[in-house]
Structures are given as C-alpha cells and as structure tokens.
Amino acid sequence: MHINFQLRELNLKIVYYGPALSGKTTNLEKIYERVNPAQRSELVSLKTQEDRTLFFDFLQLELGKIGGLTPKIHLYTVPGQAYYEASRRLVLRGADGVVFVADSSPSRVDDNQESWRNMRIHLWSFGINPDKLPTVVQFNKQDLPDALKTPTLKYLLGVNGLPIVEAIATKGQGILETLRVITRGVIMQVQKEMA
Amino acid sequence: MSSYPTPENNVTLRTGITIFPSQAKAMDQVISELAERSPAAFILVTDVSGHLVTSKGDSDKRHLLALAALVAGDLAASQEIARMTGEYKSCQLVLREGEKVNTFIAEAGLFLVVFVLVARDVPLGWARILIQEAAHQIAEIISTPSDDVSSLKIGLDDENLQDLIGEAFDTLLKE
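## Some remarks on the confidence of the model for chain B
1) Next: Scored by pLDDT, chain B has a mean of 84; 83% of the residues are at 70 or more.
2) Next: Predicted confidence is poor over residues 1–14 of chain B, with pLDDT under 50, and the contacts of this stretch with residues over four places away or in other chains come to 30 contacts.

This is the structure:
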C-alpha cells in the first residue's frame, strides 16, 4: 500500500496466485477487455516463447474517488509453473490482497494444495500473516464436465470462511465479481488499519 | 545524516508507505537537481511494489505505469539474484549500457526505486555517483516523519464505505 497525499492517491496491489494453467492471466485479460480504457493501463505481460508467464502480468485500474482519494488498483499475476518458485515469491512482495485461482479439475487437486501451501509460506517469509491478508478464492473452470463442486473444493483446500467465487474465466464469468470482492476486502482492510 | 532502514536477510519487503506533500516536494527537488547535474533525460521513482511515485521527463502516462511495474520487478529480481549468489548489499545499482542511452536502476532505501536514463556520452562513474547520492537523499526523505501529518486524513472513515467502494468500482465498467 502506498498513499500519496500530494496526489490524493491510494495505491493497492492485488496478486493473482495459483497453479500453472489455472487461469490467472486469463483473469487479467478479461478484466482488460471489460474495463473502460480511460481507467486502465496497458496490459503488460512478460511471457516465454511458449506464451507462458515468465515473471508477471500487470494491469492498473483507476477507480472513482472514495472520500476524496482515488484508489489505484495494481493487478499482478505470478508465473504458475513449478520451477518459477523464486519469481512467484517476488511478485507477492508488497501485496495488499490475494486472489487464489484454483483449477476445479479433479486432476489438479494436488497442484492447488501445493500452490496454496507455498503461497502461505512465501507470505510468511515477508512477515505477512496470510490469515490476516484479504484473500478471495476463485474456483475456475467450472465448465469442465468433471469439475469439482464448491463444497468439495473448499474442503480439499481448507478455505472455509474465505470469500469464494465460481468462475469460467475463458468466458469472463466470475471475473469481475472476483475483482469486486477482493477490491472491497482490501479497501476495508486499509480503513481498519488506518483507523 | 539520519539512518534509514536497511534490509535484513531480504525479509522485510512489504511496503506500506505514506508520502506527504512536503516529502513529495522534497523528492521532486532531488530529482530535478539530478536531472540537471547528470544530465538525465528521464527519471522515474516507484515504490518496490511497482506503484509510480513521480517522474521527470517526457513519457506517455500509460508507459509510465508499465515502466514503474517493470522497474520494481527488475530490481526485485536483481536483489534476489544477488542474495542467492551471496553478493547482496544495500544500495543495489543495476546498470544497462545501450547504444545511445544508459539506464540505471537504484535502490532508494527499503521502499523506493529510482530509474534514470542518461545519454551514452555521460561518464558512467559520474552518473553512478550522482544517482546513488540522489537515491540516498530520497531514502532519507521518505524515512523522515513529516511535520504535517496531523492535518491530513485518509478519508475512508465513511460509514457507508462498502457502498462507496461499490459505486467506485462500477465506474470501471464499460457502458
């Protein structure tokens, strides 16, 4: 978080985290498509030649004023592939909130669990208590024929009590709802911390 | 000269900074002097999370936002490489030599990063000294408590905050 009183800006960072190919970049691409161009930056993607995220994707959104402040939301994704662990950790640096994008396929349960565990370890390494960081869990790919249902996914991931959004990112479903919920969570947290 | 926080084992990485008007003004003064003395064609200051703080020189606003994110990511990667190879030191400086311009990325304390673009004919040693000096001054400015804190309020104390966030969010969406 970074508040600039000179510019009356509240800068917040939200990181989309999750296993490889769970749909993190697709989330940002769909947000980019649906948001008013005057209120967003360009979508920056650092990709490999195989079109996979190498370091991060980045998109900035500028919300309308709240209490005289303009919230600027910086969205980042992490690279999902296992060998980019060090890069993933770096992208979490300074995060004010996290969207965990889980893959609803039964074959990806282990990957979801491992990614969730690693995310919490990285947050702790920065001195951030993951239980106190605003977090939204998105169960993506709900259109798969064998997609696991929300209660099962919640149980397997151990995320009872956290806000959950079901999504089909490729169709844009659940994308904005996820963003809305995490944005609200992060700004409410700022209010709490500044009170 | 007062001291500012230094990284310990690269653990303290979360930012949570507030920039008050007097600090913003002092920072602008430092980068104006740097731009004049080096001379630098373009200077950008971002926080370590990639949020743009200020800039000097011509650039498209959209490019600025992307550049701030990339500069912060670049420094973070360089710091991590240095740490993994046992060569970490504070006040890290990354230099890229180009055909026409050289770029420097310098740590300015724990929270800020300075990106400077200078012409190729500016001596590297000269540029490096000035940039590190400016980075140090910026780190000092941001770590020095401002005297106007009590007069500033964040403005998020409205009891209808949830509704206000919803309305602010709705402005994002295309008609």
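Okay, back to it.
## As for the sheet that holds strand β5 (residues 101–108) of chain B
Residues and elements named next belong to chain B.
1) Next: The strand order across the open sheet built from five strands is β3-β2-β6-β5-β4, with neighbouring strands paired in antiparallel fashion. Because the sheet does not close on itself, it has two edges, and the strands there are β3 (52–56) and β4 (93–97). Taken over all neighbouring pairs, the strand axes of this sheet differ in orientation by 10° on average, direction set aside.
2) Next: Against the sheet, helix α3 (residues 124–143) touches β2 (40–47), β4, β5 and β6 (112–119), its axis set at about 30° to β5.

## As for the nonpolar core
Soluble, globular proteins show a tendency: their nonpolar side chains are buried together.
1) Next: Counting 103 residues, the largest nonpolar core has Val15 of chain A together with Leu112, Val113, Val114, Ile131 and Ile138 of chain B as its most contacted members.
2) Next: With nine residues, α3 of chain B is the single largest residue contributor to this core.
3) Next: The contacts of Ile131 of chain B, once residues within four sequence positions are left out, are Leu34, Phe104, Ala106, Val114 and Val116 of chain B.

## A word on the packing of helix α1 (residues 21–37) of chain B against α3 of chain B
All names here are of chain B.
1) Next: Remark: α1 packs on α3, axes separated minimally by 9 Å, with the N-to-C direction vectors making an angle of 175°. Here α1 is positioned roughly antiparallel relative to α3, judged by the angle of their axes. Residues Gln23, Ala26, Met27, Val30, Ile31, Leu34 and Arg37 of α1 form the contact with α3, whose own contacting residues are Leu130, Ile131, Ala134, Gln137, Ile138, Ile141 and Ile142.
2) Next: Along the lines of polarity and charge, the residues of the contact of α1 with α3 split into eleven nonpolar, two polar and one charged.

How each quantity is defined
Residues numbered from 1 in each chain as written. Chains lettered and ligands numbered in written order. Predicted model: local features only at pLDDT ≥ 70, side-chain atom pairs only at ≥ 80, totals over all residues. pLDDT = per-residue confidence, 0-100. Contact = placed C-beta atoms within 7 Å. Pairing = 2+ DSSP bridges. Helix = DSSP H or I, 4+ residues; strand = E, 2+ residues; numbered from the N terminus. Axes fitted to C-alpha atoms, helices over the stretch in contact; angles between N-to-C directions. Core = buried A, V, L, I, M, F, W, Y, C linked by C-beta atoms within 7 Å. Buried ≥ 20, exposed ≤ 12 C-beta atoms within 10 Å, placed from the backbone. Parallel < 35°, antiparallel > 145°, perpendicular 65-115°, else oblique. Nonpolar A, V, L, I, M, F, W, Y, C, P; charged D, E, K, R; others polar.

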